[in-house]
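Structural features, examined
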Amino acid sequence: MAHINLLPWREELRKQRQREFATIAGGSAMAMVLVVVYVHMHINGMIEAQEGRNTYLRNEITQVEKKIKEIEDLEKQKQQLIARMRIIEQLQRNRPEIVRRFDELVRLVPKGLYMNSLSQKGDTLTFEGVAQSNARVSAFMRNLDDSASFERPSLEFIETSASKSQVGKSRKFRLSVKQVSAQKE
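The model shown is predicted, which means the values in this text are computed figures rather than measured ones.

A few words on the nonpolar core. Among the nonpolar cores identified, the biggest contains 14 residues, and F127, V137, F140, L144, F150 and L175 are the most heavily contacted of them. Residue assignment for this core shows that the elements contributing at least two residues are helix 1 (9-108), strand 2 (124-131), helix 2 (134-146) and strand 4 (169-179). Looking at this core element by element, the count peaks at 4 residues for helix 2. The residues touching L144, leaving out its near neighbours within four places in the chain, are L105, L108, F127, F150, P153, L175 and V177.

In structure tokens form, the structure reads like this:
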């Protein structure tokens, strides 16, 4: 006799396929959740690593900026020291020059002319004194003009006054002259 299966086999096959589908769908969903969690954790790890590198770079940049600031300060100090050294060198070079100028002034002052004061402002010397005559002041100015150390003498004023202690009249004068620097000579 032939076997006839009267059991609802299609129904059982459908339930088995639904169970298999549900198992595969659940497994796939679980795999997807695991993949998403892994990707999320991996990306968070990469972000944390990058933030760590950024923090390290910020710290290094801060240290480099401090070093740059120190270098700039040292550079300023160096420039100041170089400027001071140049001034000291210039003073050392000019030190014998003042002695030479005073020595030359002694030779340039004619007899009958006396200095009361001498002042210096920059490279300009101002003389104040008394002379026996206007010719003595003119001779002094000519001597200054002929000198290699001085140039452009300029008479500011000359004033005649009667002196009680002397028999004649004396002339008070003020004149200024430019000094020629040692490099020009």
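Having put the structure on the table, let's press on.
Let us look at helix 1. When the terminal C-alpha atoms of helix 1 are compared, their 143 Å separation across 100 residues agrees well with the 148 Å that a helix rising 1.5 Å per residue should span. Along helix 1, the residues classified as buried are E97, R101, E104, L105 and L108.

Taken as a whole and judged by the stated rule, the model has 6 salt bridges. Here E128 makes a salt bridge to R174, at a shortest N to O gap of 3.0 Å. Of this pair, E128 sits in strand 2 while R174 sits in strand 4; the two residues are 46 residues apart in sequence, bridging distant segments of the chain. Judged by its relative accessible area of 28%, R174 falls in the partly exposed class. For E156, the salt bridge is made with R174, and the minimal N-O distance between the two is 3.6 Å. One end of the pair, E156, is in strand 3 (residues 150-162); the other, R174, is in strand 4, with 18 residues separating them in the sequence. One salt-bridge network, held together by shared partners, links E128, E156 and R174.

To continue, consider the packing of aromatic side chains. Here the structure, examined in full by the defined rule, presents 1 aromatic pair. Ring centres of F127 and F140 lie 5.5 Å apart, and the angle between their planes is 75 degrees; this geometry places the pair in the edge-to-face category. On the criterion of sequence distance, the pair formed by F127 in strand 2 and F140 in helix 2 is long-range, its members being 13 residues apart. Since its relative accessible area comes to 2%, F127 is described here as buried. Overall, F140 belongs to the buried group, its relative accessible area being 0%. In this structure, R101 is placed above the aromatic ring of F150, and the distance from its NZ or CZ to the ring centre is 5.8 Å.

Cut-off values and rules
- Counting of residues starts from 1 at the beginning of each chain's written sequence and follows it residue by residue.
- Two thresholds apply to this predicted model, a pLDDT of at least 70 for residue-level local features and 80 or more for giving and counting side-chain atom pairs, whereas whole-chain, interface and lining totals are computed over all residues.
- By convention in this description, side-chain values take in all heavy atoms of the structure and omit both hydrogens and water.
- We define a nonpolar core as any set of buried Ala, Val, Leu, Ile, Met, Phe, Trp, Tyr and Cys residues linked to one another through side-chain atoms lying within 4.5 Å.
- For every residue, the accessible area obtained with a 1.4 Å probe (protein chains only) is divided by the maximum for its type, and the residue is called buried under 20%, exposed over 50%, and partly exposed between those limits.
- In DSSP terms, a helix is any run of H or I states spanning at least four residues, a strand is any run of E spanning at least two, and both are numbered starting from the N terminus.
- We call two residues in contact whenever any of their non-hydrogen atoms come within 4.5 Å of each other.
- Here the expected length of a helix is defined as 1.5 Å per residue gap, with one fewer gap than residues.
- Salt bridges, as used here, are contacts in which a Lys or Arg side-chain nitrogen is within 4 Å of a carboxyl oxygen on Asp or Glu.
- Aromatic contacts are taken between Phe, Tyr and Trp rings whose centres are within 6.5 Å, Trp giving its six-membered ring; a plane angle under 30 degrees counts as stacked, one over 60 as edge-to-face, and the others as tilted.
- Charge over a ring is defined by NZ of Lys or CZ of Arg lying within 6 Å of the ring centre and within 35 degrees of the ring normal.

Keep in mind these values describe shape, not function.
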